[in-house]
Amino acid sequence: MTSGIPSFGFAMIGILAYSFISRTSSAICSGPVDGNGVVHRAVNLGWDVVDLKGQLSGLLGMKVECGNDANVAALGEMWKGGGQGHQSIVAVTLGTGVG
């Protein structure tokens, strides 16, 4: 069963970027996020299963891409950070959990 996004949850979601070209917004969230943008068991937010991509797309009226915060941080490091120019990197994050 998919539940709605609790109102306090919006304070915990990072809206990363908006592309004027593709009219797409990106969101990151703690917890496992599947390929369809569904968050599975974000303990720190009190979420069981939330269709983050679907609900944010509906609220914002645009395409939304979602990802796990640790995975998106690693992609950022590979793209523009310390991992730039490497084919593989290892990133370990500590915060709401170990990612």
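Quantities reported herein were computed from a predicted structural model and do not represent experimental measurements.

Draft legend 1. View of the state of the cysteines. Taken as a whole and judged by the stated rule, the model has 0 disulfides. The structure places no disulfide on C29, whose sulfur is separated from the nearest cysteine sulfur, that of C66, by 8.1 Å. Assessed through its relative accessible area of 19%, C66 is described here as buried.

Draft legend 2. Representation of a nonpolar patch on the surface within the structure. A surface patch of nonpolar side chains, amounting to about 390 Å² of accessible area, comprises V90, V92 and L94. Note that V90 resides in the segment after α2 (69-80).

Draft legend 3. Broad picture of the packing of aromatic side chains. For the structure on display, the rule yields 0 aromatic pairs. Over the face of the ring belonging to W79 we find K80, whose NZ or CZ atom lies 5.3 Å from the ring centre.

Draft legend 4. Molecular detail of unusual backbone geometry. The residue R41 is not glycine, and still its phi comes out positive at about 65°. Within the element layout of this structure, R41 appears in the loop between β3 (38-40) and β4 (49-51).

What counts, and where the lines are drawn
- Residues numbered from 1 in each chain as written.
- Predicted model: local features only at pLDDT ≥ 70, side-chain atom pairs only at ≥ 80, totals over all residues.
- Heavy atoms only, no water.
- Disulfide = S-S within 2.5 Å.
- Buried < 20%, exposed > 50% of the residue type's maximum accessible area, 1.4 Å probe, protein only.
- Patch = residues over 30% accessible without salt bridge, like charges linked within 9 Å, V, L, I, M, F, W, Y side chains within 5 Å.
- Areas by Shrake-Rupley, 256 points an atom, 1.4 Å probe, with all protein chains shown as cover.
- Salt bridge = Lys/Arg side-chain N within 4 Å of Asp/Glu carboxyl O.
- Helix = DSSP H or I, 4+ residues; strand = E, 2+ residues; numbered from the N terminus.
- Phe/Tyr/Trp six-rings, centres within 6.5 Å; stacked < 30°, edge-to-face > 60°.
- Lys NZ or Arg CZ within 6 Å of the ring centre and 35° of its normal.

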